[in-house]
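One letter stands for each residue in the lines below.
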Amino acid sequence: MRFDEALSTWLDDPSRENTATLRTAIQGAPNYVTSPDFEPAATAVQTGDYRKAFDALMGLMPAVFLSPLAHSLLARTLLGLGQEDDASREKAFARASLVTILDSGDGSLARPWIVLRITDEYDVLASLGEKSSMQVPLEDGGRLIDAITTTTGNTYHFELWRRGERVKGSAA
């Protein structure tokens, strides 16, 4: 399914099945990578060059859709451009992106949170008031897992969504 179709379906019904379809469509974007470069956009926002930030973020879409960081940066950018309604929409997408990740598991090895990119992991940690002190990649029954231990000693697990599949019956 094309990204625009998957997005429309997800907006109408953000079920687990439609979220899985949207994730697959995002990964199907020609510019999808697990570590997108948000630095140019973040720097432009910090310096008040909102047009440059907007262009940088739009250049990353749709591959960074469902990224809490991307939508947060876009909200700040749009606010800087005086587009308050659009900024509110992006804030809502940032929240929905985070909720989508948190609803995908519980952060345990048995039920890791499902992410599309590495920055999503750090967005989750920030939402929990946590900071990473160590990150270890694991493979568990064919699943690609990042185990992140925080400065408080907690360990959280994240599974990288693999295009079009959920491995070993993990939650979508």
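Look up: the structure comes first, before these words.
Computed from a predicted model, the values in this text were never measured in an experiment.

Colleague: With reference to specific residues and values, describe the packing of aromatic side chains.
Modeller: Counted according to the given criterion, the structure contains five aromatic pairs. Between Trp10 and Phe65, the ring centres sit 6.3 Å apart and the planes meet at 90°, which makes this aromatic pair edge-to-face. Here the residue Trp10 occupies a position in helix H1 (residues 3-12), and Phe65 occupies one in the loop between helix H4 (50-60) and helix H5 (68-80), the gap between them amounting to 55 residues. Across this residue pair, the class does not change: Trp10 and Phe65 are buried. Here a set of aromatic residues connected by ring pairs shows up, and it is made of Phe3, Trp10, Phe65 and Phe93.

Colleague: So what's going on with H4? Which residues, and what values?
Modeller: Those residues of H4 not exposed but buried are Ala53, Leu57 and Leu60. Buried residues in H4, looked at end-on, bunch into an arc of 55°, giving them a common side. Looking at the buried side of H4, the elements it contacts are helix H3 (39-46) and H5.

Colleague: Lay out the sheet that holds strand S2 (residues 132-140) in plain terms, naming residues and giving numbers.
Modeller: Sheet architecture is open: four strands sit in the order S1-S4-S3-S2, paired in mixed fashion. A strand with exactly one partner marks an edge of an open sheet, and here the two such strands are strand S1 (113-115) and S2. Averaged over neighbouring strand pairs, the angle between their axes works out to 30° when direction is ignored. With respect to the sheet, helix H7 (residues 118-127) is in contact with S1, S2, strand S3 (143-150) and strand S4 (155-160), its orientation differing from that of S3 by roughly 35°.

Colleague: Residue-level account of the side chain of Ser67, with values.
Modeller: In this fold, Ser67 is placed in the loop between H4 and H5. Its relative accessible area of 0% is what places Ser67 among the buried residues. Polar contacts involving the side chain of Ser67 include one to the main-chain amide nitrogen of Ala70, which spans 3.0 Å. With near-sequence residues (within four places) excluded, Ser67 lies in contact with Phe38, Ser97, Arg117, Thr119, Asp120 and Asp123.

Colleague: Can you tell me about the pattern of salt bridges, naming the residues and giving the values?
Modeller: Using the criterion set out here, one finds nine salt bridges in the structure. Between Asp55 and Arg51 there is a salt bridge, with the nearest N and O atoms lying 3.3 Å from each other. Of this pair, Asp55 and Arg51 both sit in helix H4, separated by four residues, roughly a single helical turn. Classification of Asp55 as partly exposed rests on a relative accessible area of 44%. Given a relative accessible area of 44%, Arg51 falls into the partly exposed group. The closest approach of N and O atoms between Arg89 and Glu90, which form a salt bridge, is 3.1 Å. Overall, the relative accessible area of 38% leaves Arg89 in the partly exposed class. You can call Glu90 buried: its relative accessible area is 5%.

Conventions and cut-offs
Residues numbered from 1 in each chain as written. Predicted model: local features only at pLDDT ≥ 70, side-chain atom pairs only at ≥ 80, totals over all residues. Heavy atoms only, no water. Phe/Tyr/Trp six-rings, centres within 6.5 Å; stacked < 30°, edge-to-face > 60°. Helix = DSSP H or I, 4+ residues; strand = E, 2+ residues; numbered from the N terminus. Buried < 20%, exposed > 50% of the residue type's maximum accessible area, 1.4 Å probe, protein only. Arc of directions from axis to C-beta. Contact = heavy atoms within 4.5 Å. Pairing = 2+ DSSP bridges. Axes fitted to C-alpha atoms, helices over the stretch in contact; angles between N-to-C directions. Polar contact = N/O pair within 3.5 Å; in protein donor to acceptor, adjacent residues only side chain to side chain. Salt bridge = Lys/Arg side-chain N within 4 Å of Asp/Glu carboxyl O.

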